[in-house]
Amino acid sequence: MTNLDTLVIEADALNADPGGTMKSAAPADSQSLTLGNVGKEKIESLQVNDISEAIDTISGIHRIGGGTNYDYVSRGFSLTRDNVKMDGMNAWALKDQSMPAILLDDVEVLKGVGSMFYGSQEPGGTINLVTKKPQAERYNEIDLQGGAWLSDDTDAGWGKSALSFDSTGEMGDRKDVLYRVIGEYRDDKGFRDDEDKDGYFLAPMLTWLIDDRQSLTAQFEVTRYDYNYPSGLVAADSDIKQVADITTNYLGPQNDATDEGVSASLTYNRDLGNGWSNVTKWRSVWHEDERANFWVRSVRDGTVKRSYRHLLNKQENHSLDSYFTGEVMTGSIAHRLTLGGSYAYTRNDFNRLNWGNIDSALDLDLYNPVHDYIDLDSISNGDGLHRVFTYDTYSLYGQDVIALTDKLDLQAGLRYDWQHREMEAKAYTNVSGRSYEAELYETNEDFLTPTLGLSYRLNNDWRLHGSYSESYETSAVSNTDADGNTFDPETGKQYEVGIHYTPAADWNAELVLFQINKENVIVSGDDGYSAALGEVRSRGAELGLGWNPTSRLALQASYTLLDTVILTGDQDTADNEEGNEFLNSPHNQLSLQAQYKASEALDLGAVFFAQSRRYGSSDNELELPGFGRLDLTASYQLSPNMDMGLALKNVFDKQYYLAADRDTAVYPGAPRFLQASLKYRF
């Protein structure tokens, strides 16, 4: 008979994923890849407005957009949705909004190439959002937040209202059934003109402790945000000095967007005994986003040229992943094995309901835009592309971390993916009267991605590691060469070496050097057709330091030195971009953090983040200046059950530019913002 008291004690362990982001039960000092993380305690101490502020503290990765789930550059490469996971699975319940910080137990970033673990993706890295799970011990939390813009650069005033909650414990008298419900409602006003959003996120969960070896957790997410988002600023003549005020928004008040999704997941954990375990996960996501606005197309002689667009995107993903971890011996050599398989189905329905031409009735002055009401029937509008992409992917993967000696470990892994890709283009007639027939493209491909590495412990203080990894990313099946053939995937190869020093429990240091080469990049050939001729390279160094000089003071620093270059670019233009740097990839990136416990009730914190200059256009004509930003935090325990927090972001109200996609899409950083919170636990 199962002992219910034992179940309570083991609830945390049964809910945990024994393999983590790297799907391995081998100790961290036996592995040859680099993993950064920000735990929930640090997320709370930073008093983040969204999770991107926490991810920015990890070396080698930084935010490049408005804090969405995948607007990041890691090791020089812009991440896509395939690079972001929730509990190791695809995480698309939200597209343009960030997951609530209260939902997260940990944020893990696998640096560089991750295809051996997750299949098709960019080679920069993998972000894994690890969510909180039901616990046996009863806990309830209500968090009220508010904030205001305190800057001469904006008249926005009040900027944030948010209410979030977290409740967990046993389900009534059932010690074998645990629940957790996490939710958030927020109503935000940005610092840009006409920028606002409101919406909710709700995540109920149940865990059934089947016995002292098995658990089954069901998790759901329901979310919707309505928002009016800002355009990028426009840099006339690719000169950052010619942008308008940072509050300028060329989209105006007639700018409606929604982002909503529903997801459901099941996670089965089983301790098989003798050091073996199984994790099986299923996750389904249904997501829809819609936007209708006047889009910035170009700038001419101080006039911003716009067109009308109305987009409706529907995305569906169903995935299953199951893997076993354990240890076997061959003589005196231990093998820490991972053996798994997965299946994923994805359907992306991208519909341009309306896609108009540039219309002079939509023109705006670059520096003083005036937004009059526009009658949509009076401007250029018409049908646009409607394409449906489907992907079926079957995968097998395995990894062995071999203890060759008590100091030397060999890590070897291999993944096989077989994928069917299909794209259906619907027939339509565009705004200019040109008709397009329906088309169907499809292909079947398979891919092998290996990982090989060594980890060597010189002694108790020093460890060395080195690794080689490969990645792949498939291109759109409709993208073909001059003969109508689909392209092989873009491939990445990463070389990495690192040294780790941990002389004591109160401080540590690590230095990692890497190089990533990406080949088969789709570019324009000399005949004007697409060709898989492109090649790019990113290499650099990541330094991390942590030191607790006293029991009250914790210091942390991270620094990234990055060098990126396009080796082979477009072939059909005089400016083929060869020798240019990647977008939004600074040579230098620095993060400094301090946390000080001034008393039993008072905690103080500071974070300084800096980047050197970087380019905001692929032709490297638009240069964004470097910047530094200081954030301060304070938290005070009013009573055993209540905390008050204050955070002043961008203390010196520095004006800076976070990133740019091109000269008509420059994204300013947020000015000074004061945030207050009140947290009650019971």
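Residue numbers run consecutively from 1 along every chain, following the written order of its sequence. This being a predicted model, a pLDDT of at least 70 is required before a residue's local features are given, and a value of 80 or more before pairs of side-chain atoms are given or counted; all residues contribute to the totals for chains, interfaces and linings. Side-chain measures were taken over the full set of non-hydrogen atoms in the model, leaving aside hydrogen atoms and water.

Peer 1: Sorry, what's going on with the side chain of His335 here?
Peer 2: Secondary structure elements are defined from DSSP: runs of H or I of at least 4 residues count as helices, runs of E of at least 2 residues count as strands, and each element is numbered from the N terminus. Looking at where His335 falls in the secondary structure, it is placed in strand β17 (residues 333–355). Overall, His335 belongs to the buried group, its relative accessible area being 14%. Any two residues whose heavy atoms approach within 4.5 Å at even a single point are treated as in contact. In this structure His335 touches Gly326, Glu327, Val328, Thr330, Asp400, Val401 and Ile402, once residues within four positions along its chain are discounted. Remark: exposure states derive from per-residue accessible area (1.4 Å probe, protein chains only) relative to the maximum for the residue type, with buried under 20%, exposed over 50%, and partly exposed in between.

Peer 1: Explanation requested: the sheet that holds strand β3 (residues 72–74) in the structure shown.
Peer 2: Pairing between the strands of a sheet is mediated by backbone hydrogen bonds and can be parallel or antiparallel. In short, DSSP must find at least two bridges between two strands for them to pair. The antiparallel open sheet is built from three strands, whose spatial order is β2-β3-β4. A single partner strand is all that each edge strand has here, and the edge strands are β2 (61–63) and β4 (77–78). In terms of strand pairing, β2 meets β3 through three bridges, oriented antiparallel. Looking at the pairing, His62 lines up with Val73 of β3.

Peer 1: Can you walk me through the side chain of Gln593 in this structure?
Peer 2: Summarising the element assignment, Gln593 is placed in strand β29 (residues 588–597). In protein, a polar contact requires one atom able to donate a hydrogen and another able to accept it; more generally it is a pair of N or O atoms within 3.5 Å, and residues adjacent in sequence count only if both atoms are side-chain atoms. Separated by 2.8 Å, the side chains of Gln593 and Lys42 make a polar contact. Look past the residues within four positions of Gln593 in its chain and what remains in contact with it is Lys42, Thr57, Ala554, Leu555, Gln556, Ala606 and Val607.

Peer 1: Help me understand the pattern of salt bridges in this model?
Peer 2: Opposite charge on two side chains permits pairing when their charged atoms draw close. Within this document, salt bridges are pairs made up of a side-chain nitrogen of Lys or Arg and a carboxyl oxygen of Asp or Glu, the two lying within 4 Å of each other. On inspection of all chains with the given rule, the structure shows 35 salt bridges. Put simply, Asp105 and Lys40 hold a salt bridge, and the shortest N to O gap is 3.5 Å. In this pair, Asp105 sits in strand β7 (residues 104–111) while Lys40 sits in helix α2 (residues 40–46), placing the two residues 65 residues apart along the sequence. With a relative accessible area of 31%, Lys40 lands in the partly exposed category. In this structure, Lys175 engages Glu170 in a salt bridge whose closest nitrogen and oxygen atoms are separated by 3.8 Å. For Glu170, a relative accessible area of 24% translates into the label partly exposed.

Peer 1: Is there a simple way to think about the environment of Glu439 in this case?
Peer 2: Mapped onto the secondary structure, Glu439 falls in strand β23 (residues 439–457). Ignoring sequence-local partners within four residues, the contact set of Glu439 consists of Met423, Glu424 and Ala425. There is a polar contact of 3.1 Å between the side chain of Glu439 and the side chain of Tyr441.

Peer 1: Would you mind showing me how to read the confidence of the model for the chain here?
Peer 2: Close inspection of predicted coordinates is inappropriate for parts of the model with low pLDDT. pLDDT gives the predictor's per-residue confidence on a scale running from 0 to 100. Here the chain averages 91 in pLDDT, and 94% of its residues register 70 or above. Segment residues 1–9 is flagged for pLDDT under 50; beyond a separation of four residues in sequence, or across chains, it makes 14 contacts in the model.

Peer 1: What is the right way to read the sheet that holds strand β1 (residues 35–39) from this model?
Peer 2: Spatially, β1-β7-β8-β5-β6 is the arrangement adopted by the five strands of the open sheet, whose pairing is mixed. Each edge of the open sheet carries a strand with a single partner, namely β1 and β6 (89–90). Note that strand β5 (residues 84–86) and β6 share two bridges and pair antiparallel. Residue pairing in the sheet places Met86 in a bridge with Met89 of β6.

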